[in-house]
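Breakdown of the fold
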Amino acid sequence: MMDADELALVRTSLRHLLTSTPPARLPLALLDQGWDDLVADDGDRVIAALFEEHGAARAASPALDVVMLGAIAAATSSEAAGLDAATTAVVLPALSRRRITSATVTNGNVVVQGLLTAGWERAATVLAASPAGVHSIDGSRLDMASTGALDSSLTLQTASGTVPLAAAPIVAGHDAWERAIDAGRRALASELVGIGRVMMSTTIEYITARKQYKRPIGSFQSVQHRMAEAHVAWCAAADAVVTAYEEHDSWSAMAAKALAGRGVLQVGASCFQVHGAIAFTEEHELHRYIQRANMLDALLGTYGDLAWEIGQQLLGGGSVPRIPRL
Amino acid sequence: MGPGEIRESFRTWLTEHADELGPFRHEHLLDIAASFAREVPFQHLLHDAGWSRYGWPEAYGGLGGSPVLRGIIHDEVTAAGYVLPEAFSMLEVIAPMLLKYRPDLAATELPAALRGDAMWCQGFSEPDAGSDLASLRTRAFAEGDHYRIVGQKTWTSFGHLCSKVALLARTGEPDSGHRGVTMFWVDMDTPGLTVRPIMCANGREEVSEVFLDDVIVPADSIVGDVNGGWGVVMYLMQFERGNFAWQRQAVLHSRLDKALAAARSAPQELPPDAAATVGSTYLSLMALRARCRSTTRTLADGVELGPEISVDKVLLSSIEQQMNDCIRVLTWPSIEVDDDDEAITNRQLWWFSRITTIYGGAGEVQRDLIAQRLLGLPRGA
């Protein structure tokens, strides 16, 4: 476990790495920086820091692959080949209500339909998950096309194709994939928290400086209350993310992802409103953060979908989980 | 015993005593005096078996250990389906103040209160001093070895059932604002002090007016310093946002348990968006619990909190309402039309939740504090 100073140093070096490394080279760059040792020492806080800074920097990289592959490896008892993020990419589920798989198995074929993150071109191998398990597939067998017009800077790709089962061996079970989804949700929740942090701080600076009616617009009560409520929503997200890393289960990962999506979209809308017209210009940065927050909310379960899922489970029976545990 | 052991032993004890504890599964009565009276035997049982004494200092009637242990007890009582005695909230909010500023009073007063044999209230707000508490006008005139207090308090929770009041009065000049107020520990039986309950919209006499006509209190009934009352109130408020909020989240989880059980027995009455409502409400509750756990741990370490506790207050206030709205949906149309005990309880609790964004610090003031003291936004004209 690191102390606060060590973690701050790690955070700074990760921030630098994210802004100076081409996406395709990020997994190797992380390894060179001692990523495996950092994760072994204080995995939760290091991963959270990486993704918060990823969000704050609006980076687009295979960082999510690194974390999801790590989760699959950790959940797989056998020596799992091809889980090197430098050469392997993860096919995320396509944007679709309540489906966490990126492939189906039909008539002896694996039909892939999913998404790849930035830097996908580095990968000779991709992993796609069907209900049967995690398949390892030669990337050149799939078709890629760019997508995600709401935030083209994310450089998402669709990955699709049909591959005979013999050419798509299962390298990990479905339970390992579920662990990867949990890890991915925690990571994206952290990333949303980082995006929210930057939106709040730049907006507070702006409304403190910008004057109308001879006073800073940040001194008007309606503006202050909107920002206060945005801060409360951000705090709720940040606390839920801490809980998710502590509890390390699917329930808390869903909750963190949902609260982060809900909270940071609220932050984005509030920050946009109090900027007045200037934030609507293409030149201004804020809309890019809002776009990114919207796309990250969409990945691995929107807050609406996850809230629904949580509600369904609670209605289904059992006592209400008291999370975080005391 | 460590926290884990206490939790396990307490669960076992609750199970073993289930028959005896049966009456305490039922919610508060509309007659608040009767409701509190019915909870006293439960408090006695929990106290005499030691459970409600954990987390309170041994010198003051407790069994020692971290205040976090109290949080475990609150969790477990509610998770087992029992109604947490309302008097517990008073302990969480007021006792820390006595422990810090008047340990001698805590030594004589806390043991009985812990057992359930004494109740305390707060005399802060006045008809002309609600959110603007610093403008309060109840005056305490220094007259040698005593003070003579003249004035009026309102919104005093359970006032007519309490034996002691933590009373905030002005000892400075009329225009001294927050710098001229002092906290007194006053016996409700003191001559000149009269209490009048106020019937509230939820059908219960939740609060009282307290009239003080030349009430004489000894000079040594002061808590903290003369003219130092504001600091005492600020100290107390941390526990309202922290420990009390923890109790509330425990209760709200349990109420959701009961409402979900009711919903499962009448699924045809659920609206199409029930899952979204339940999920969204649960998320807000989980966020409060996560926040609160962090806050109570910081308080237990003896660290005083700053303006960030206004975030806790806003989270708490809004989830109280959101949860009661969710319960209304899950038990629909029970709150609208039914007259069984469960419906009456849920209805009065739904109504009570409407005031949660006002009591203990109105939401508007919390937002001002967050914006200005936490986010650093400039004050208005």
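The rules behind these values
Residues numbered from 1 in each chain as written. Chains lettered and ligands numbered in written order. Predicted model: local features only at pLDDT ≥ 70, side-chain atom pairs only at ≥ 80, totals over all residues. Heavy atoms only, no water. Helix = DSSP H or I, 4+ residues; strand = E, 2+ residues; numbered from the N terminus. Buried < 20%, exposed > 50% of the residue type's maximum accessible area, 1.4 Å probe, protein only. Areas by Shrake-Rupley, 256 points an atom, 1.4 Å probe, with all protein chains shown as cover. Lys, Arg positive; Asp, Glu negative; His and termini not counted. Charge placed at Lys NZ, Arg CZ, Asp CG, Glu CD. Contact = heavy atoms within 4.5 Å. Buried area = accessible area lost by both parts, 1.4 Å probe. Nonpolar A, V, L, I, M, F, W, Y, C, P; charged D, E, K, R; others polar. Pairing = 2+ DSSP bridges. Axes fitted to C-alpha atoms, helices over the stretch in contact; angles between N-to-C directions. pLDDT = per-residue confidence, 0-100. Parallel < 35°, antiparallel > 145°, perpendicular 65-115°, else oblique. Left-handed = near helix turned anticlockwise from the far one by under 90°. Polar contact = N/O pair within 3.5 Å; in protein donor to acceptor, adjacent residues only side chain to side chain. Salt bridge = Lys/Arg side-chain N within 4 Å of Asp/Glu carboxyl O.

Helix and strand counts for chain A stand at nine helices and 11 strands. The principal-axis extent of the C-alpha atoms belonging to chain A is close to 70 × 50 × 40 Å. In chain A, which comprises 326 residues, the share counted as buried stands at 56%. When the accessible surface of chain A is totalled, it reaches about 13200 Å², and 54% of it is carbon and sulfur. Between the centroid of the 25 positive side chains of chain A and the centroid of its 34 negative side chains there is a distance of 10 Å.

Here the focus is the interface of chain B and chain A. Opposite the 48 residues of chain B that make contact, chain A presents 45 residues. For the pair chain B and chain A, the two sides together bury roughly 3900 Å², of which 66% comes from carbon and sulfur. Those elements giving two or more residues to the side of chain B that touches chain A turn out to be helix H4 (68-79), helix H8 (243-265), helix H9 (274-300), helix H10 (309-330) and helix H13 (363-374) of chain B. Of the residues forming the side of chain B that touches chain A, the biggest block, 15 residues, is contributed by H9 of chain B. The class makeup of the residues in the side of chain B that touches chain A is 28 nonpolar, nine polar and 11 charged.

With that settled, the discussion passes to unusual backbone geometry. Leaving glycine aside, a negative phi is the common case for residues, and trans is the common case for peptide bonds. A cis amide bond links Ile323 of chain A to the next residue, Pro324 of chain A, at an omega of 0°. Along the chain, Pro324 of chain A turns up in the segment after helix H9 (303-316). The phi dihedral of Asn227 of chain B falls on the positive side, at around 65°, and the residue is not glycine. Among the structural elements, Asn227 of chain B can be located in the loop between strand S8 (222-223) and helix H7 (229-241). A relative accessible area of 33% means that Asn227 of chain B is categorised as partly exposed.

Residue placement: Val39 of chain A occurs in helix H3 (residues 35-56). For the pair Val39 of chain A and Gly70 of chain A, spaced 31 residues apart in the sequence, the C-alpha separation amounts to 9.7 Å.

Turning our attention to the sheet that holds strand S1 (residues 88-90) of chain A. Residue and element names in this part refer to chain A. Strands sit in the order S1-S5-S6-S9 across an open sheet of four strands; the sheet is mixed. At either end of the open sheet lies a strand with only one pairing partner, and these are S1 and strand S9 (170-172). Strand-to-strand, the axes of this sheet are offset by a mean angle of 40°, without reference to chain direction. Note: strand S5 (residues 125-130) against strand S6 (residues 133-138), six bridges, orientation antiparallel.

Residue-level pLDDT values for chain B average 96, and 100% of them are 70 or greater. Scoring the predicted complex yields pTM 0.96 and, for the interface, ipTM 0.96.

So, about the packing of H10 of chain B against helix H12 (residues 341-353) of chain B. All names here are of chain B. Between H10 and H12, whose axes approach to 9 Å, the crossing angle comes to 150°. Relative to H12, H10 is oriented roughly antiparallel. Two packed elements cross with a definite hand, and for H10 against H12 that hand is left-handed. Together, Glu320, Gln321, Asn324, Asp325, Ile327 and Arg328 of H10 and Asn346, Leu349, Trp350 and Ser353 of H12 make up the contact between the two elements. For the contact of H10 with H12, the per-class residue count stands at three nonpolar, four polar and three charged.

All names here are of chain B. Residue placement: His74 occurs in helix H4. Of note is the side chain of His74, whose polar atom sits 3.3 Å from the side chain of Gln247. Sequence-distant contacts of His74, defined by excluding residues within four places in its chain, comprise Leu84, Phe88, Glu92, Trp246, Gln247 and Ala250.

A word on the side chain of Glu109 of chain B. All names here are of chain B. Looking at the secondary structure, you find Glu109 in helix H6 (residues 103-115). For Glu109, a relative accessible area of 14% gives the class buried. Side chain to side chain, Glu109 and Trp185 meet in a polar contact 3.3 Å long. Filtering out sequence-adjacent residues up to four positions away, Glu109 remains in contact with Trp120, Lys164 and Trp185.

Attention shifts here to the pattern of salt bridges. Residue and element names in this part refer to chain A. Considering all chains together, one arrives at 43 salt bridges over all chains under this definition. In this structure, the salt-bridge partner of Glu53 is Arg197, at a minimum N-O distance of 3.2 Å. Of this pair, Glu53 sits in helix H3 while Arg197 sits in helix H5 (residues 174-209), and the two are 144 residues apart along the sequence. With relative accessibility at 1%, the residue Glu53 sits in the buried group. For Arg197, a relative accessible area of 29% puts it in the partly exposed group.

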